[in-house]
Amino acid sequence: DIAPRVNAARAAYDRGVTKPLAWRVATLERMRDLLVEREDRFLDALAADFGKPRAEAWATEIGFSVGDINHTIANLPLWSRAEKVPTPVAFRPGSSWVVPEPVGVACVIAPWNYPVQLLLLPMVAAISAGNAVVAKPSELAPHASAELTSLIEAIGDPAVTVVQGGVAETTELLAQRFDHILYTGNSRVARIVMRAAAEHLTPVTLELGGKSPAIVSARANIDVAARRIAWGKFVNAGQTCIAPDYVLVERSVHDRLVTAIGSSITEFYGNDPRASADFARIVNEPHFHRLEKYLHNGTVAHGGVTDADTRYISPTVLTGITADDPVMGEE
């Protein structure tokens, strides 16, 4: 029923349902209220998919999304207002305005690592601009996907709809005509999205993975730097596209920094992070085995413990890494 869902969203848009500011605000408020009302259900789902700690899941998924929705609602009257601009002399005595207009039906395809906020926030952007939306949550976080589908269906508006499924369903979804596609994920799938979008000359917004470096000089406060790097890297068990992925550090403070990061890990998660209630797990077995191979690079200075049965990889620091090592070629 993918094509009928997309067609229903387009029909709602063509009828002008999504354009009034009142509809946009009411839809965002409904989404926010459902998210708050179902908070425990989402936290349970994220724990089932990742073993995400509840406080971490609330901060990075639920609270983050609610804050974004509230910010959008508060600023939407200003953002959607027509703006008077100077008129070129050739067109005087006319007047000129920039009038924000929706583009039509947006498709939002979300990844698995932050399945709630990375689906809802692009939806919030599209809805706030007056568009109809077709959302596709990640099948790799099935419990969160089910809750997101239930939430979107509870909004009760054909202009905001959802499609579940894997590769086959995503392929069928991308065969439809959209007016904008927002995709968050890896570069391999991004190429597929771009090729499908090209068939309809559909604009695409891509937010892809990264190799984000942290740079630590000898003048840095090493303890503070280590604590911030450890928190930024190991929240969500490292499964964050903007996490500090590797560290460039002056040789004179290299050993101090490595030791300090290890101390921060112990402070956060104890001597055995596997027993910590504050450390998540890798999302599935393929990703676990992909990451485990990288532990053979360089020297394990801290961590390096794995357990395939529970998809556990301890917070790990590798030293002696070169730019040619596989771990530096992947996220």
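Each remark here, short or long, concerns the structure printed above.
Heads up: these notes are all about the structure in this document. (Residues numbered from 1 in each chain as written. Predicted model: local features only at pLDDT ≥ 70, side-chain atom pairs only at ≥ 80, totals over all residues. Heavy atoms only, no water.)

**Looking at the packing of helix α2 (residues 21–37) against helix α5 (residues 117–128)**
Definition in use: To get an axis, fit a line to the C-alpha atoms, keeping to the stretch in contact for a helix; angles then go from 0 to 180 degrees between the N-to-C directions. Segments assigned H or I by DSSP are reported as helices when at least four residues long, segments assigned E as strands when at least two residues long, and all are numbered from the N terminus. In what follows, roughly perpendicular refers to angles from 65 to 115 degrees, roughly parallel to angles under 35, roughly antiparallel to angles over 145, and oblique to any angle outside these ranges. By the definition used in this description, the sense in which the near helix is turned from the far one sets the handedness, with an anticlockwise turn below a right angle giving left-handed and a clockwise turn giving right-handed. Any pair of residues with heavy atoms lying within 4.5 Å of one another is described as a contacting pair.
Direction vectors running N to C along α2 and α5 enclose 160 degrees, while the axes themselves pass 9 Å from each other. For the element pair α2 / α5, the angle class is roughly antiparallel. For the pair α2 and α5, the sense of crossing is left-handed. Between α2 and α5, the contacting residues are W23, R24, T27, L28, M31 and L35 on the first element and L120, M123, V124, I127 and S128 on the second.

**Comments concerning unusual backbone geometry**
Of note, the amide linkage connecting R92 to P93 takes the cis form, showing an omega dihedral of 15 degrees. Mapping P93 onto the fold places it in the loop between β1 (83–85) and β2 (96–98). Notably, N236 is not glycine yet its phi reads approximately 60 degrees, a positive angle. Residue R311 is not a glycine yet carries a positive backbone phi of 55 degrees.

**Things to note about the environment of T319**
Along the polypeptide, T319 turns up in strand β13 (residues 317–319). Put simply, T319 and I69 are 250 residues apart on the chain and 41 Å apart in space, counted from C-alpha to C-alpha. Not counting residues within four places of it along the chain, the set of residues in contact with T319 comprises H254, V258, G298, T299 and A301.

**Observations regarding the nonpolar core**
Formally: For our purposes a nonpolar core is just a set of buried Ala, Val, Leu, Ile, Met, Phe, Trp, Tyr and Cys residues, chained together by side-chain atoms within 4.5 Å. Using a 1.4 Å probe on the protein chains alone, a residue whose accessible area is under 20% of its type maximum counts as buried, one over 50% counts as exposed, and one in between counts as partly exposed.
Judged by nonpolar contacts, the single largest core of 60 residues is most densely connected at M31 and M123. Ignoring sequence-local partners within four residues, the contact set of M123 consists of M31, V108, V133, A135, I152 and V160. Within the second largest apolar cluster, 24 residues are counted, among which are F234, I265, F279 and I282.

**Digging into the layout of surface pockets**
The condition is simple: Cavities and pockets were defined on a 1 Å grid built from protein atoms only: a cavity is a group of points that admits a 1.4 Å probe but offers it no way out, a pocket is an open group of points flanked by protein on both sides within 12 Å along at least five of seven lines, and a lining residue is one with an atom within 4 Å of any such point. Grid points are joined across faces, edges and corners, and a volume is the space filled by probe spheres set on the points. Polar here means any residue other than Ala, Val, Leu, Ile, Met, Phe, Trp, Tyr, Cys and Pro, which are nonpolar, and Asp, Glu, Lys and Arg, which are charged; Gly is therefore polar.
Taken as a whole, the second largest pocket encloses approximately 280 Å³ of empty space. Lining the second largest pocket we find 15 residues, and of these F64, Y114, Q117, T240 and I242 sit closest to its centre. Those elements that place two or more of their residues in the lining of the second largest pocket are α4 (54–79), α5 and α9 (222–234). Among the elements that take part in the lining of the second largest pocket, α4 stands out by supplying three residues, more than any other. For the lining of the second largest pocket, a count of residues per class yields 10 nonpolar, four polar and one charged.

**So, the packing of α2 against α4**
Axis separation between α2 and α4 bottoms out at 10 Å; the angle between their running directions is 160 degrees. Considered as vectors, α2 and α4 are oriented roughly antiparallel to each other. The hand of the α2/α4 crossing is left-handed. Only I62, S65, V66, I69, N70, T72, I73, L76 and P77 of α4 make contact with α2, whose side of the interface consists of L21, R24, V25, L28, E29, M31, R32, L35 and V36.

**A short note on the pairing of strand β4 (residues 132–136)**
Every regular strand shows the same layout, with side chains that alternate between the two sheet faces. Rules: When DSSP locates at least two bridges between a pair of strands, those strands are taken to pair. By convention a crossover is right-handed if, when the strands point away from the viewer, the path from the first strand over the helix to the second runs clockwise.
β4 sits mainly inside the fold: five of its five residues count as buried. Covered by surrounding structure in β4 are A132, V134 and K136 together with V133 and A135, the residues of both alternating faces. Pairing geometry for strand β3 (residues 105–109) and β4, over five bridges, is parallel. Along β4, the bridge assignment pairs I109 with K136. Following the chain from β3 across α5 to the adjacent parallel β4, one finds a crossover that is right-handed. Pairing of β4 with strand β5 (residues 160–162) involves three bridges; the strand directions are parallel. Pairing of V133 across the sheet is with V160, part of β5. Remark: the β4/helix α6 (residues 142–155)/β5 crossover connection has right-handed handedness.

**Describing α2**
Note the cut-off: Every helix has an expected span of 1.5 Å times one less than the residues it contains.
Compared with the 24 Å implied by 1.5 Å per residue over 17 residues, the 24 Å span of α2 between its first and last C-alpha is a close match. What α2 keeps buried is the set W23, R24, V25, T27, L28, M31, R32, L34 and L35. Here the buried face of α2 lies against α3 (39–50), α4, α5, α6 and β5.

**Re the sheet that holds strand β6 (residues 180–185)**
The sheet built from five strands is open, its strands ordered β5-β4-β3-β6-β7 with parallel pairing. If you trace the sheet from one side to the other, it starts and ends with β5 and β7 (204–208), each paired once. Neighbour-to-neighbour, the strand axes of the sheet open up by a mean angle of 15 degrees, direction not taken into account. Sheet contacts for helix α8 (residues 187–198): β6 and β7; angle to β7, the most-contacted strand, approximately 175 degrees.

Keep in mind these values describe shape, not function.
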